[in-house]
Amino acid sequence: MMLLTKSKSILAIAIAISSITLGCSSTADTSNSVIKEGATLVTLVNLHPDNKRKILYAVNYQLDGMMIPMCSKVEIEDIGEKEIEFIYNGTTYTYLWDKHTRKAGESLLQNISNFIGTSCDKSKVDSLSALDQKGIKSGKPSVGMTKEGILFAMGRPPIHATSSTESNTWMYWLNKFKKQAVEFDGNGVVTEVRL
């Protein structure tokens, strides 16, 4: 009986350790990513930082104020477990991985790769409509824009709120308290922008 109790205890400890080990994947492993310390990359879409605090959030808040335009050069300065620091125009910004993105199953490196990469698709933007180009330049959505235009203007909507960009409703947060929905028709054209 005592041996059975000890075996159960050892098994419980082994399961607990393996659960902890499996649940702790290192977000700092950059071996398969272009996001590496010292790399000079570009923004793939417009970024909307908290310019006062010099912070961007993985949840992709659409904050008012200064925007980092798509195709801007950035240098990756430091990669941590829950944040990445990069330099844009001589200023260091911190990109924070949030609990919502983490719980949705997207790693820090997967998430930031939606926003920063090796090259931006400027030729694709040039091929879009004048309305899309205006929205991209302003970083704001408007009726008549396409899904591609919205992605360049605002970035990918947060994965925990919009798991697929195939959806016809994309949810963004303007800040921690205020949401914005972008509604598309079956052809991927914005029909409504609502708070």
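Preceding this paragraph is the structure being described.
All values reported here derive from a predicted model rather than from experimental measurement.

Attention now moves to the sheet that holds strand β2 (residues 55-57). Taken together, the six strands give an open sheet; going across it, the order is β2-β5-β4-β3-β1-β6, and neighbouring strands pair in mixed fashion. Looking at the sheet topology across the chains shown, the edges are occupied by β2 and β6 (116-117).

Among the secondary structure elements, T101 is positioned in helix α2 (residues 99-103). Residue classification places T101 among the buried positions, given a relative accessible area of 1%. Of the polar contacts made by the side chain of T101, one reaches the side chain of D98; its length is 2.6 Å. Apart from the residues lying within four places of it in its own chain, the contact partners of T101 are A58, V59, E106, N111 and I159.

What follows is about the pattern of salt bridges. Counting across every chain of the model gives five salt bridges. A salt bridge links R53 to D50; its shortest N-O distance comes to 3.2 Å. The class of R53 is exposed, set by a relative accessible area of 57%. Between K122 and D126 there is a salt bridge, and its shortest N-O distance comes to 3.8 Å. With K122 and D126 both in helix α4 (residues 122-127) and four residues apart, the pair spans about one turn of that helix. The partly exposed category is assigned to K122, whose relative accessible area is 44%. Judged by relative accessible area, which is 48%, D126 ranks as partly exposed.

Scoring rules and cut-offs
Residues numbered from 1 in each chain as written. Predicted model: local features only at pLDDT ≥ 70, side-chain atom pairs only at ≥ 80, totals over all residues. Heavy atoms only, no water. Pairing = 2+ DSSP bridges. Helix = DSSP H or I, 4+ residues; strand = E, 2+ residues; numbered from the N terminus. Buried < 20%, exposed > 50% of the residue type's maximum accessible area, 1.4 Å probe, protein only. Polar contact = N/O pair within 3.5 Å; in protein donor to acceptor, adjacent residues only side chain to side chain. Contact = heavy atoms within 4.5 Å. Salt bridge = Lys/Arg side-chain N within 4 Å of Asp/Glu carboxyl O.

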